[in-house]
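The chain contents come next:
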Amino acid sequence: QKEVEQNSGPLSVPEGAIASLNCTYSDRVSQSFFWYRQYSGKSPELIMSIYSNGDKEDGRFTAQLNKASQYVSLLIRDSQPSDSATYLCAVSEGDMRFGAGTRLTVKP
Amino acid sequence: SAVISQKPSRDICQRGTSLTIQCQVDSQVTMMFWYRQQPGQSLTLIATANQGSEATYESGFVIDKFPISRPNLTFSTLTVSNMSPEDSSIYLCSALAQSNYNEQFFGPGTRLTVL
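Numbering of residues starts from 1 in each chain and follows the order in which that chain's sequence is written. Written order determines the labels here, with chains lettered from A and ligands numbered from 1. Given that this is a predicted model, residues contribute local features only at a pLDDT of at least 70 and side-chain atom pairs are listed and counted only at 80 or more, while totals for whole chains, interfaces and linings are drawn from all residues. Note: side-chain values were computed over all heavy atoms of the structure, leaving out hydrogens and water.

Check the secondary structure of chain A and you find zero helices and eleven strands. Counted from the first residue to the last, chain A has its helices and strands arranged as β-β-β-β-β-β-β-β-β-β-β. For chain A, the spread of C-alpha atoms along the principal axes amounts to about 40 × 30 × 20 Å. Expressed as a percentage of the 108 residues in chain A, the buried residues total 45%. The criterion used for residue contact is that any of the two residues' heavy atoms lie within 4.5 Å. A sequence separation of at least 24 residues applies to 53% of the contacts in chain A between residues at least 6 apart. Per-residue and other accessible areas follow the Shrake-Rupley method at a 1.4 Å probe size, with only the shown protein chains counted as cover for residues. For chain A, the accessible surface area stands at approximately 5,100 Å², while carbon and sulfur atoms represent 46% of it. Here a strand is any run of E in DSSP of at least two residues, a helix any run of H or I of at least four, and the numbering for each starts at the N terminus. Burial classes follow relative accessibility: with a 1.4 Å probe on protein chains only, a residue under 20% of its type's maximum area counts as buried, one over 50% as exposed, and anything between as partly exposed.

Laid out in structure tokens, this is it:
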């Protein structure tokens, strides 16, 4: 069974802090890695994708991938209350597998 | 990216009836998917909607209960048949963008309540 594991949280950080979200996966042949943000009552929104080892930055978001450790993370700098949502990690090697999501709360 | 719309956005249905959910993509896509999401839970893939052939169902989902159509490269429907309260959920359509990056985009979802 191919697994994508996330800490379900909830993760609570103060406004302005760095939020760190982590994800591990079991299938070594996975090629594509994604982070989705899902606000309550809304559908998932793709916010980051990463395909090679290292860091990828987009605004306040940084995705980090370590294929040797089968680990992908998302850092959110200068966290804002509007970042409060559930963040889903997804891994694809053809078909996409989703983690259960980490609920993030950013407190003003 | 792909812009995806779904109809209806929500519905309340009686036990034993069926509901068909429509999904429209603003561009041609090779692969479309149907997911179910219970409140507070992650996404569960129901099936992959294949254009010109039968859908590919995940374990635990069968065609008689969830018939799917995919008449062209921009449109798909999911029917939830002979509904029971256990079918109450959010149903999400998604599509694989036409690129080399395997990016998947989601429609707004259909919130189904079965009484």
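Looking only at helices and strands, chain B has zero helices and eleven strands in total. If you list the helices and strands of chain B from N to C, you get β-β-β-β-β-β-β-β-β-β-β. As a reference, a globule follows 2.2 Å times the number of residues to the power 0.38, and the radius of gyration itself is taken over C-alpha atoms. For 115 residues, the compact-globule estimate of 2.2 N^0.38 gives 13 Å, and chain B sits close to it at 13 Å. If you line up chain B on its principal axes, its C-alpha atoms span 40 × 30 × 25 Å. Once local pairs closer than 6 in sequence are excluded, the contacts in chain B between residues at least 24 apart make up 54%. Looking at chain B as shown, the accessible area adds up to about 5,600 Å², and 48% of this sits on carbon and sulfur atoms. Two residue types count as positive, namely Lys and Arg, and two as negative, namely Asp and Glu; His and chain ends fall outside the count. Lysine's charge is taken at NZ, arginine's at CZ, aspartate's at CG and glutamate's at CD. Averaging the positions of the 7 positive and the 8 negative side-chain charges in chain B gives two centres separated by 8 Å.

By size, the foremost hydrophobic cluster in this structure holds 43 residues, and its most contacted members are A:Y36, A:F98 and B:W34. In terms of residue count, the dominant contributor to this core is strand β9 (residues 89-96) of chain B (six residues). Each residue touching A:Y36, except ones within four places of it in the same chain, is listed here: A:P44, A:E45, A:L46, A:I47, A:T86, A:Y87, A:L88, A:A90, A:M96, A:F98, B:Q104 and B:F106. Buried Ala, Val, Leu, Ile, Met, Phe, Trp, Tyr and Cys residues that are joined via side-chain atoms within 4.5 Å together make up what is termed a nonpolar core. In this structure, A:L21, A:F33, A:V72 and A:A85 belong to the second largest nonpolar core, which totals 23 residues.

Moving on to the state of the cysteines. Any two cysteine sulfur atoms within 2.5 Å of one another count as a disulfide. Counted according to the given criterion, the structure contains two disulfides over all chains. Note on cysteine connectivity: A:C23 is disulfide-linked to A:C89, with sulfurs 2.1 Å apart. What sets the handedness of the A:C23 and A:C89 disulfide is the S-S torsion sign, and at about -75 degrees it is left-handed. Here A:C23 is found in strand β3 (residues 19-25), whereas its partner A:C89 is found in strand β9 (residues 85-92), with 66 residues between them in sequence. Under the relative-accessibility criterion, A:C23 is labelled buried at 1%. Disulfide pairing places B:C23 opposite B:C93 at an S-S distance of 1.9 Å. Disulfide B:C23-B:C93: the torsion about the S-S bond is -65 degrees, which places it as left-handed. You can see B:C23 sitting in strand β3 (residues 19-25) and its partner B:C93 sitting in strand β9, a full 70 residues away along the chain. Note on accessibility: B:C23 and B:C93 belong to one class, buried. B:C13 takes part in no disulfide bond, and the closest cysteine sulfur, belonging to B:C23, lies 18 Å away.

Right, let's get into the sheet that holds strand β8 (residues 75-80) of chain B. All names here are of chain B. Paired strands are those between which DSSP finds at least two bridges. With respect to topology, four strands assemble into an open sheet ordered β1-β3-β8-β7, the strand pairing being antiparallel. Whereas interior strands pair on both sides, the edge strands pair on one side only; in this sheet they are β1 (4-7) and β7 (68-72). For this sheet, the mean inter-axis angle between neighbouring strands, taken without regard to orientation, is 15 degrees. With four bridges joining them, β1 and β3 adopt antiparallel strand pairing. Paired with K7 across the two strands is Q22, which belongs to β3. To obtain an axis, a line is fitted to C-alpha atoms, over the contacting stretch when the element is a helix, and the angle between two such axes runs from 0 to 180 degrees between their N-to-C directions.

Quick look at the interface of chain A and chain B now. If you look at the interface, chain A gives 17 residues, while chain B gives 15 residues. When a carboxyl oxygen of Asp or Glu lies within 4 Å of a side-chain nitrogen of Lys or Arg, that pair is called a salt bridge. The interface formed by chain A and chain B contains zero salt bridges. Under the rule applied, a polar contact is a pair of N or O atoms within 3.5 Å (in protein, one hydrogen donor and one hydrogen acceptor; residues adjacent in sequence only if both atoms are side-chain atoms). Along the contact surface separating chain A from chain B lie six residue pairs in polar contact (both at pLDDT 80 or more). At the level of elements, β4 (32-38), β5 (45-50), β9 and β10 (96-98) of chain A are the ones that each hand at least two residues to the side of chain A that touches chain B. Counting residues per element, the side of chain A that touches chain B draws most heavily on β4(A), at four residues. Looking at side-chain class alone, the side of chain A that touches chain B contains nine nonpolar, seven polar and one charged residues. Three categories are distinguished: nonpolar for Ala, Val, Leu, Ile, Met, Phe, Trp, Tyr, Cys and Pro, charged for Asp, Glu, Lys and Arg, and polar for the others, with Gly belonging to the last.

None of this, on its own, says anything about what the molecule does.
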